[in-house]
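# Architecture and fold: a report
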Amino acid sequence: MREAEASQLRNLGLFRGLTEENFTALLQAAALQWVPAQTVLLEEGKIPDSLFILLEGLVDLFTRYGKRESTLTVLRPVRAFVLASAVGGLPCVQSARALTRARILTVPASLLRGMVGRDPAFSRSVARELSVSYGCVSIELKSQKLRTGIERLANWIIRAHGHSGIGNRLSLPFDKRTLASRIGMTPENLSRSLAQLDKHGVTVNGREILIRDHAALAKLAKTGLI
């Protein structure tokens, strides 16, 4: 593992409180790999034997029932995922796959469970991370319940622009079908909603988005809701 990556891990809230001894043990037990786009990393309903940490690329957390599939969230680096299942020894409540070529670090779940038992600082970090995850799920549920489809789209654009936008522009990091699934719309409704954004100060050309009027977009997104 590169020194910069080890430093990124050390600065994650989850591992910041680890003793040097435990952090060294974690690095020694971890496995690092590049995976191709569309690689399924774990499947819903199975107990993971590792904690996954995304270092580069994008990962899609999704669920499937019969022929229906829905994206729950798209992860960006640097991010640990399936923490609750890995630490608790519980079945995953979602599947995960690489949306792009991704660099993934895996840490044995058994090692983490041992650290939780003997390292109070790490136990507190795990509790904090799970609390943050719960808050994110609650925010997402509120958005799904209280915003219309086009309002969710506007809110997603504002948040994505804050993360990776340049000036007044934003490039979609993945295809529109994934975006539609992420915000709970059909691809057809997404296309109609993208066209309707023009009257709210947004121009869409392929994957390129130009925000002409931030105030109008924020009003549509109901940014005061959450």
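Heads up: these notes are all about the structure in this document. (Residues numbered from 1 in each chain as written. Predicted model: local features only at pLDDT ≥ 70, side-chain atom pairs only at ≥ 80, totals over all residues. Heavy atoms only, no water.)

What follows is about the pattern of salt bridges. It is possible for side chains bearing opposite charge to pair when their charged atoms get close. All chains considered together, the criterion is met by eight salt bridges. The partner of Glu20 in a salt bridge is Arg10, and the shortest N-O contact between them spans 2.7 Å. You can see Glu20 sitting in helix 2 (residues 20–29) and its partner Arg10 sitting in helix 1 (residues 3–11), a full 10 residues away along the chain. Its relative accessible area of 52% is what places Glu20 among the exposed residues. Exposure remark for Arg10: the relative accessible area of 17% places this residue in the buried category. Between Arg97 and Asp60 there is a salt bridge whose closest N-O contact spans 3.2 Å. Residue Arg97 is located in strand 7 (residues 95–98), and its partner Asp60 is located in strand 4 (residues 59–65); the two are separated by 37 residues in the primary sequence. For the pair Arg97 and Asp60, one class covers both residues: buried. (Salt bridge = Lys/Arg side-chain N within 4 Å of Asp/Glu carboxyl O. Helix = DSSP H or I, 4+ residues; strand = E, 2+ residues; numbered from the N terminus. Buried < 20%, exposed > 50% of the residue type's maximum accessible area, 1.4 Å probe, protein only.)

We now examine unusual backbone geometry. Of note, the bond from Pro77 into Val78 is cis; its omega dihedral lies within 30 degrees of zero at -10°. A positive phi angle, near 60°, is found at Val82, a position not held by glycine. On the basis of relative accessible area, Val82 is assigned to the buried category, the value being 10%.

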